[in-house]
Amino acid sequence: MLAPPPPPSPAPAPTAALPPPAVRDRYWWRLLPALAALALLVRVPSFTRPLWNPDEGYLAVQARMLAAGGSLYDTVVDRKPPLVPWLYQASFALTGDTTLLGPRLLAVLAWLLTAAFTASLARRHAGPRAGIAAGILCLLLSAGLSPADSQAASFEVFMLPATAAAVWCADRAHWCGAGLALAAAFLAKQTGLAVLLPLLWCVPHRAPAGDRARALGLLLGSAALPVLLAALATAPRGFLFWTLTGSGDYLAFSGSLATLAGRALVNTALLAGAAAGVLPAALAAVRARRTGLGPATGWLWLWLAGAALATALGLRFFGHYFLHLVPPLALLGAGTLAQAPRRARRTALAVCAGCCALFLAWGLLAPRTDYEHSRRVAAEIARRTAPGEAVLVWGMHPETYWLAHRPPASRYLTAGLLTNFGGGRTGTTAVGEKWAVRGAWPTFRRELTTRPPALVVDDARGAPYRLSRTPTLRSWLRQGYVREGGVDGAVVYVRRGE
């Protein structure tokens, strides 16, 4: 008897008809330089300031500590994976550690790669015009938040090209590449794992019926290997704690619901304003469940859903969290524009470009209140101490160490890990020593006793983590230090007898 025929393989993803190779090459030779110029243009404000937010300061101090022989997740700690601190350290080796020029240039490259992968996905599913629109929209939308969120060389910026690359590879059934890109996304920031949703959709829709288990194994195995190597390159137990198991209190809900809701609405409105040119058509596409990128685009809906989940995780709704949404929104907008008449398409892009120009003007003209405070405190520290002398700044501005060019006396660069303060949550009462990261205070006290700082700056300025709510620090300070002036609201303490 004849054996029954094998089950049919899943239909390949619908793609636009590809032009001859020479035309395809000419397409990218023209598009990539244009995207590079636009990526640099929308990042111009980032080069106008030494720092945009405390995250950049935190990373800059970590990079210096690593270059001086520090060990990540031991003498250098944060609740983040290691890739971005390593990128900062590598860029400092090339440009010096007194400027963020290196990380800012890497951020331009990251956005260029994100836009290129996004453009390639749109072109594959909806043709060349959609590819151009997707790349342009990705870069225009990248500026559509407050300057401190959109212009900083942040964790999300370096995560996005990896997430776009992961979807790009999975859409083409390159499972090892998709897994490696997924690992890179996670190693930039934990929420990069959200892109696993569209990747898992691609496995049964892009792999032949008999090859799906192998495809899934290649995807997950390729993702696990770089993460394992990163853990071994640092400290495996510390890696696990600081990237996963030690973040439960960070994710737990607390604080003022009104504040969190207000921040979510404001940042949603900002990003919607940046996308004003394509938003009506995109919303219509969402209601009709038609992306304009062909019928087999479940990966796009899951990418958008995963990005929304990553944005809302922990209910903090910081502006830079909304950067997760930029690539899938750009694809959705490009899909709708691909079906529109030429004049409507140009008008939509022109409106988005005009909105982007407004955001760039905001970035160039925005005040620098927090930075100026940190600069004045850093100048006072530099005046009172010698190079190489360790200092302690009790506050939430780690950039002060970087600006003063003085090493921190502790691995805990802010009061946040020692008091559970931070994350933009106002109105919470869960701030103090008892809510610190597990084991932080014994380690902190041991560091200060073993290597007493030459200077202590209390920069709490009445915040919930002030000295009156941290008795261990207050007692230690009274035993060996005396108050000696202040600067810009911060109180300076020097060692007794000096």
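What counts and what doesn't
Residues numbered from 1 in each chain as written. Predicted model: local features only at pLDDT ≥ 70, side-chain atom pairs only at ≥ 80, totals over all residues. Heavy atoms only, no water. Helix = DSSP H or I, 4+ residues; strand = E, 2+ residues; numbered from the N terminus. Buried < 20%, exposed > 50% of the residue type's maximum accessible area, 1.4 Å probe, protein only. Contact = heavy atoms within 4.5 Å. Areas by Shrake-Rupley, 256 points an atom, 1.4 Å probe, with all protein chains shown as cover. Patch = residues over 30% accessible without salt bridge, like charges linked within 9 Å, V, L, I, M, F, W, Y side chains within 5 Å. Salt bridge = Lys/Arg side-chain N within 4 Å of Asp/Glu carboxyl O. Pairing = 2+ DSSP bridges. Axes fitted to C-alpha atoms, helices over the stretch in contact; angles between N-to-C directions. Expected span 1.5 Å × (residues − 1). pLDDT = per-residue confidence, 0-100. Phe/Tyr/Trp six-rings, centres within 6.5 Å; stacked < 30°, edge-to-face > 60°. Lys NZ or Arg CZ within 6 Å of the ring centre and 35° of its normal. Core = buried A, V, L, I, M, F, W, Y, C linked by side-chain atoms within 4.5 Å.

Enquirer: It is not clear to me how the overall build of the chain should be interpreted in this structure. Could you clarify?
Expert: Regarding its fold elements, the chain presents 22 helices and 4 strands. Counting over 498 residues, the chain shows a buried share of 53%. Here the contacts in the chain between residues at least 6 apart in sequence split such that 76% fall between residues at least 24 apart. Accessible surface computed for the chain: about 21100 Å², of which carbon and sulfur atoms make up 66%.

Enquirer: Mind showing me how you'd approach a nonpolar patch on the surface here?
Expert: Residues Leu40, Phe47, Leu101 and Leu105 make up a contiguous nonpolar surface patch of roughly 330 Å² in combined accessible area. Here Leu40 shows up in helix α1 (residues 21-42).

Enquirer: Please explain the sheet that holds strand β3 (residues 481-487) as it appears in this structure.
Expert: Two modes of strand pairing occur in sheets, parallel and antiparallel, and in both the strands are linked by backbone hydrogen bonds. Pairing in this open sheet of 4 strands is mixed, and the strands run β1-β2-β4-β3 from one edge to the other. With partners counted over all chains shown, the strands left at the sheet margins are β1 (391-394) and β3, one partner each. Taken pair by pair, the neighbouring strands of this sheet meet at an average axis angle of 20°, ignoring direction. Bridge count for β3 against strand β4 (residues 490-495) is 5 bridges, and the pairing is antiparallel. Residue Val487 lies in a different strand from β4, and its bridge partner there is Ala490.

Enquirer: How should I be thinking about helix α5 (residues 128-142) in this particular structure?
Expert: Owing to its 3.6 residues per turn, the α-helix aligns residues three or four sequence positions apart on the same side. The terminal C-alpha atoms of α5 lie 22 Å apart, and with 15 residues this matches the ideal 21 Å at 1.5 Å per residue to within 8%. Among the 15 residues in α5, 11 count as buried, and that is most of the element. Within the sequence span of α5, burial applies to Ala130, Gly131, Ala133, Ala134, Gly135, Leu137, Cys138, Leu139, Leu140, Leu141 and Ser142.

Enquirer: Just checking my understanding: could you explain the pattern of salt bridges for this structure?
Expert: Where charged atoms of side chains with opposite charge meet at close range, the side chains can pair. Counted by the stated rule, this structure contains 15 salt bridges. Residue Arg64 is joined to Asp97 by a salt bridge in which the shortest nitrogen-to-oxygen separation is 3.2 Å. Taken together, the residues span a long stretch of sequence, with Arg64 in helix α2 (residues 54-67) and Asp97 in the loop between α3 (83-95) and α4 (101-126) at a distance of 33 residues. Judged by relative accessible area, which is 14%, Arg64 ranks as buried. Take Asp97: its relative accessible area is 25%, and that puts it in the partly exposed class. For Arg383, the salt bridge is made with Glu380, and the minimal N-O distance between the two is 2.7 Å.

Enquirer: Any chance you could explain helix α15 (residues 298-312) here in plain terms?
Expert: The terminal C-alpha atoms of α15, which comprises 15 residues, lie 21 Å apart, in line with the 21 Å expected from a rise of 1.5 Å per residue. Looking only at α15, the buried set comprises Gly298, Trp299, Leu300, Trp303, Leu304, Gly306, Ala307, Ala310 and Thr311. Turning to α15, the residues buried within the fold contact α4, α7 (155-171), α9 (196-206) and α16 (326-338). A positive phi of about 85° marks Gly314, the residue just after α15.

Enquirer: Honestly, the confidence of the model for the chain in this entry has me stumped. Any pointers?
Expert: Close inspection of predicted coordinates is inappropriate for parts of the model with low pLDDT. When pLDDT is averaged across the chain, the result is 90; 90% of the residues are at 70 or more. Predicted confidence is poor over residues 1-8, with pLDDT under 50, and the contacts of this stretch with residues over four places away or in other chains come to 0 contacts.

Enquirer: In this structure, what is going on with the environment of Leu182? I would like to understand it.
Expert: Within the secondary structure, Leu182 is located in helix α8 (residues 175-188). The class for Leu182 is buried, based on a relative accessible area of 4%. The sequence separation of Leu182 and Val167 amounts to 15 residues, and the corresponding C-alpha distance is 8.9 Å. With residues near it in sequence (within four places) discarded, Leu182 still touches Ala166, Gly192, Leu193, Val195, Leu196, Leu199 and Ala223.

Enquirer: Help me understand the packing of aromatic side chains in this model?
Expert: Here a ring pair, both rings aromatic, is described through the centre-centre distance and the interplanar angle of the planes. What the rule picks out here adds up to 14 aromatic pairs. Between the aromatic rings of Trp476 and Tyr481, the centroid separation amounts to 4.9 Å while the plane-to-plane angle is 40°, which identifies the pairing as tilted. We note that Trp476, like Tyr481, is buried. Members of the aromatic cluster, each reached through a chain of ring pairs, are Trp394, Tyr412, Phe421, Trp441, Phe444 and Tyr465. Sitting over the ring of Phe155, Lys80 keeps its end group 5.1 Å from the ring centre. Lying over the aromatic face of Tyr27, Arg123 brings its terminal NZ or CZ to 3.9 Å of the ring centre.

Enquirer: Honestly, the nonpolar core in this entry has me stumped. Any pointers?
Expert: Most often, soluble globular proteins keep nonpolar side chains buried together rather than apart. Counting 151 residues, the largest nonpolar core has Tyr88, Trp299, Leu331, Leu392, Trp394, Phe444 and Leu473 as the members making the most contacts within it. Here this core gets 12 residues from one element, more than from any other, and that element is α7.

Enquirer: Whenever I open this one, the pairing of β4 confuses me. Can you help?
Expert: Put simply, side chains in a regular strand alternate between the two faces of the sheet. Along β4, 5 of the 6 residues are buried, which leaves the element largely enclosed by surrounding structure. By the bridge criterion, 4 bridges tie strand β2 (residues 455-458) to β4 in an arrangement that is antiparallel. Looking at β4, one finds that Val457 is bridged to Val492. Turn length for the β3-β4 hairpin, with the two strands adjacent in sequence and antiparallel, is 2 residues, and the turn residue Asp488 shows positive phi of about 55°.

Enquirer: Looking at this structure, how should I read unusual backbone geometry?
Expert: In most cases, non-glycine residues show a negative phi, while peptide bonds are predominantly trans. Backbone geometry places Ala173, a non-glycine residue, at a positive phi of 65°. The backbone phi angle of Asn420 is positive, close to 70°, even though this residue is not glycine. For Asn420, a relative accessible area of 19% puts it in the buried group.

Enquirer: It is not clear to me how the pairing of β1 should be interpreted in this structure. Could you clarify?
Expert: Residues Val391 and Val393 of β1 are buried on one face, and the alternating residues Leu392 and Trp394, pointing to the opposite face, are buried as well. Across 4 bridges, β1 lies against β2 in parallel orientation. Its bridge partner being in β2, Val393 is matched across the sheet by Val457.

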